[in-house]
Amino acid sequence: MEILKVENLCKTYGKGKTQVKALKNVSFSMQKGEFAAVVGESGSGKSTLLNCIGALDEPDSGSVYLDGRTLFSMKENERTIFRRRNIGFIFQSFQLVPELNVEQNIIFPLLLDNRKAQPEQLEEILEVLGLKERRKHLPGQLSGGQQQRVAIGRALITKPMMILADEPTGNLDSGNSRDVISLLHQASKRYQQTILMITHNQNLASSADRVFRVADGVLTELGEGR
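Quick caveat: nothing in here was measured; it's all calculated off a predicted structure. The numbering scheme is per chain: residues are counted from 1 as the chain's sequence reads. Where local features are concerned, this predicted model is filtered to residues with pLDDT of at least 70; where side-chain atom pairs are given and counted, the filter is 80 or more; whole-chain, interface and lining totals use all residues. Each side-chain value is worked out from all heavy atoms of the structure, with water and hydrogens disregarded.

### Some remarks on the pairing of strand β6 (residues 87-91)
Condition: Between buried and exposed lies partly exposed: a residue is buried under 20% and exposed over 50% of the maximum accessible area for its type, with that area taken using a 1.4 Å probe on protein chains only. Counting from the N terminus, the helices are the DSSP runs of H or I reaching at least four residues and the strands are the DSSP runs of E reaching at least two. Two strands make a pair as long as DSSP finds a minimum of two bridges between them.
Counting buried positions along β6 gives four out of five residues, so the element sits mostly inside the fold. Pairing between β6 and strand β7 (residues 162-166): five bridges, direction parallel. In the strand pairing of β7, Ile87 is matched with Met162.

Structure representation (structure tokens):
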């Protein structure tokens, strides 16, 4: 079942001599439960691609379809609600709320949507992420790897169709990086969530179902990862 479809996505920044074509007619699709990685040099356009797919940035032309719905034909308020309910984000910098404990940070997206967390779902996520013993800890009391696990839990709690991970292991050591990638694989298989991850680490990328490369705004598929 096709969840994501990207068609002829173009994005340009600046004008004249400073103009940068960040995306050039990018097209690809992903199936439900698929885990894909995007690699590329800094400034290649991979973060722009992720931001456009997540409707955090608007392309100059082209279309992004999520579960058959085109994101940029929606009104801004409708798109914001759709994104909040259907797309989970995992950032390199974690972006946790320092005053909230682990379980409060995880359920925060539900509170923004005026929804209550299902206790059994929260317990399952804490169990899968190995955070049950840390549930009342504040972010400042956690290691980097534990903070990234909380960020993953926050992305999972809304049961989004799509998870976009921007360098999720960028601030972690090799051991924690492998753990995070393993958890993302579990999410794609256990919850049938489609995951698109940006990484500069070729070894981590090779563990994905499919690997893409972005170079000078052009996307090419490198084939299956593992």
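Back to the text.
### Focus: the layout of surface pockets
For clarity, the threshold we go by: The rule is simple: put a 1 Å grid over the protein atoms alone, call a set of points where a 1.4 Å probe fits but cannot get out a cavity, call an open set with protein on both sides within 12 Å along at least five of seven lines a pocket, and count a residue as lining if it has an atom within 4 Å of a point. Grid points are joined across faces, edges and corners, and a volume is the space filled by probe spheres set on the points. Residue classes follow a fixed rule: Ala, Val, Leu, Ile, Met, Phe, Trp, Tyr, Cys and Pro count as nonpolar, while Asp, Glu, Lys and Arg count as charged, and any other residue, Gly among them, counts as polar.
If you add up the space inside the largest pocket, you get close to 380 Å³. Looking at the largest pocket, it is lined by 16 residues, and the ones nearest its centre are Ile87, Phe89, Pro109, Leu112 and Arg154. Sorting the residues of the lining of the largest pocket by element identifies α2 (76-86), β6, α3 (102-112) and α5 (144-156) as the ones contributing at least two each. No other element matches the four residues that β6 contributes to the lining of the largest pocket. A class-by-class count of the residues in the lining of the largest pocket yields nine nonpolar, four polar and three charged. Here the second largest pocket is characterised by a volume of approximately 200 Å³. Around the second largest pocket, the lining is made up of 14 residues, and of these Lys159, Pro160, Tyr191, Gln192 and Gln193 lie nearest the centre.

### Regarding the side chain of Arg210
Defined as follows: In protein, a polar contact requires one atom able to donate a hydrogen and another able to accept it; more generally it is a pair of N or O atoms within 3.5 Å, and residues adjacent in sequence count only if both atoms are side-chain atoms.
With respect to the helices and strands, the residue Arg210 is situated in strand β9 (residues 210-215). In this structure the side chain of Arg210 is engaged in a polar contact, spanning 3.1 Å, whose partner is the side chain of Glu34.

### Quick look at the sheet that holds strand β1 (residues 2-13)
Spatial ordering of the open sheet is given by β2-β1-β4-β5, a layout of four strands whose pairing is antiparallel. The open sheet has two free edges, formed respectively by β2 (20-31) and β5 (69-70), since each of these has just one partner strand. Of the strand pairs in this sheet, β1 and β2 are connected by eight bridges, and their pairing is antiparallel. Its bridge partner lying in β2, Thr12 is registered against Lys21.

### Concerning the environment of Ser61
The condition is simple: Residue contacts follow a heavy-atom distance rule, with two residues in contact if any of their heavy atoms lie within 4.5 Å.
With respect to the helices, strands and loops of the structure, Ser61 is situated in strand β4 (residues 61-66). Spatially, the C-alpha atom of Ser61 lies 29 Å from that of Ser93, the residues being 32 residues apart in sequence. Setting aside anything within four residues of it in sequence, one finds Ser61 in contact with Asn8, Leu9 and Cys10.

### Concerning the nonpolar core
The condition that has to hold: The criterion is simple. A nonpolar core is a set of buried Ala, Val, Leu, Ile, Met, Phe, Trp, Tyr and Cys residues joined through side-chain atoms within 4.5 Å.
Judged by nonpolar contacts, the single largest core of 37 residues is most densely connected at Ile90, Val102, Ile106, Val150, Ile152, Leu184 and Met197. Of all elements in the fold, only β3 (35-39), α3, α4 (119-128), α5, β7, α6 (174-190), β8 (194-198) and α7 (202-205) reach the threshold of two or more residues within this core. What Val150 contacts, discounting residues up to four positions off in sequence, is Leu96, Val102, Asn105, Ile106, Leu131 and Leu142.

### Here's the deal with unusual backbone geometry
Not every positive phi belongs to a glycine, and Phe94 is a case in point at roughly 70°. Tracing the backbone shows Phe94 in the loop between β6 and α3. Of note in this structure, Asp216 is not a glycine but carries a positive phi near 50°. Here Asp216 shows up in the loop between β9 and β10 (218-224).

### Notes on the pairing of β7
Defined as follows: Here the term right-handed applies to a crossover when the path leading from its first strand over the helix to its second strand runs clockwise, the strands being oriented away from the viewer.
Counted residue by residue, β7 has five buried out of five residues, so it is predominantly covered. Burial of the side chains of β7 extends over both faces: Met162, Leu164 and Asp166 are buried on one face and Ile163 and Ala165 on the other. Here β7 pairs with β8 via five bridges, running parallel. From the neighbouring strand, Ala165 faces β8, where its bridge partner is Met197. Of the crossover connections in this fold, the one passing from β7 over α6 to the parallel β8 is right-handed.

### Observations regarding a nonpolar patch on the surface
Let me state the cut-off plainly: Each patch is built from salt-bridge-free residues with over 30% relative accessible area, joining like charges within 9 Å and nonpolar side chains (Val, Leu, Ile, Met, Phe, Trp, Tyr) within 5 Å. Exposure was quantified through the Shrake-Rupley algorithm and a 1.4 Å probe, taking into account, for residues, occlusion by the shown protein chains and nothing else. Salt bridge, as used here: a side-chain nitrogen of Lys or Arg that lies within 4 Å of a carboxyl oxygen of Asp or Glu.
Together, Phe108, Leu111 and Leu112 line one region of the surface with nonpolar side chains, adding up to about 270 Å² of accessible area. Along the polypeptide, Leu111 turns up in helix α3.

No statement about biological role is implied by the geometric values presented.
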